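Close look at the chain arrangement
What follows is the residue order along each chain.
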Amino acid sequence: MNRPDAANARVGGARRKSVRRMFPMVPLLAAFWLILSGHIEPRMLALGAGSIIVVCAMTWRAEVYQHYDLTVPFLLRLPRFFLWLGVQVLVSSLAVVRKVWSPRLALRPVVAAIPAHALPELTQVTYANAITLTPGTLSLDVSDRLIRVHGLDKADIDALRDGAMLRRLPHTGGRR
């Protein structure tokens, strides 16, 4: 016989576990807020602490930590990836401008499937968004095994297949 008290205890234990998993995020969010705001007056620090509490409460309420393994190492690797991605966006922007402004318009659009079967869901979404952010490529569809990508040229698709972006992408290590 299943007792409601036992089920409630399991749910309560899972919620306590998710709250414990959020605690490492608090100093990271506080440092992020402090770097972005630059304010150290007591009133502003109190508002920053309040905003961190609201973000943590919303994250806990949405149960993000139960579905994705957002870890501090993953989040610490993101800035380096975003810096690399920013450089790639600039380089590919110049390449797209050169292709479009060329007197001989030599665009050969391609739609191809990029394998993504071994990636956790959050990493897959981050990868698809990074592809879309890079000029000349657009993620059309994300499924369990593939990301369908439109590229202005076959070279754009070949660059994705080479895996440079995927190698630099921080993986969550989460469940599929």
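Refer to the structure above for everything that follows.
Residues numbered from 1 in each chain as written. Predicted model: local features only at pLDDT ≥ 70, side-chain atom pairs only at ≥ 80, totals over all residues. Heavy atoms only, no water.

Side note on the overall build of the protein chain
Worth spelling out the cut-off: Segments assigned H or I by DSSP are reported as helices when at least four residues long, segments assigned E as strands when at least two residues long, and all are numbered from the N terminus. Under the scheme applied here, a residue whose accessible area is under 20% of the maximum for its type counts as buried, over 50% as exposed, and between as partly exposed, the area being computed with a 1.4 Å probe on protein chains only. Any pair of residues with heavy atoms lying within 4.5 Å of one another is described as a contacting pair. Per-residue accessibility takes into account occlusion by the displayed protein chains alone, with areas from the Shrake-Rupley method and a 1.4 Å probe.
Along the backbone of the protein chain there are eight helices and three strands. Counting from the amino terminus, the protein chain carries its helices and strands in the arrangement α-α-α-α-α-β-α-β-β-α-α. Within the protein chain, buried positions represent 27% of all 176 residues. Within the protein chain, counting contacts between residues at least 6 apart in sequence, those at least 24 apart form 70% of the total. Of the accessible surface of the protein chain, which amounts to about 11,900 Å², a share of 65% is contributed by carbon and sulfur atoms.

A few points about the pattern of salt bridges
Using the following cut-off: Take a side-chain nitrogen of Lys or Arg and a carboxyl oxygen of Asp or Glu: if they are within 4 Å of each other, that pair is a salt bridge.
Overall, the coordinates contain three salt bridges when judged by the stated rule. Linking Lys 99 and Asp 153 is a salt bridge whose minimum nitrogen-to-oxygen distance equals 3.9 Å. Of this pair, Lys 99 sits in helix H5 (residues 72-101) while Asp 153 is found in the loop between strand E3 (146-151) and helix H7 (154-162), placing the two residues 54 residues apart along the sequence. We classify Lys 99 as buried; its relative accessible area is 19%. A relative accessible area of 21% means that Asp 153 is categorised as partly exposed. Where Lys 154 meets Asp 158, a salt bridge forms, and the shortest distance between an N and an O atom there is 3.2 Å. Here Lys 154 and its partner Asp 158 are both found in helix H7, four residues apart, which amounts to about one turn of the helix. The class of Asp 158 is partly exposed, set by a relative accessible area of 29%. One salt-bridge network, held together by shared partners, links Lys 99, Asp 153 and Asp 156.

So, the side chain of Asp 156
By the element assignment, Asp 156 lies in helix H7. Residues in contact with Asp 156, not counting those within four places in the same chain, are Lys 99, Gly 136, Thr 137 and Gly 151.

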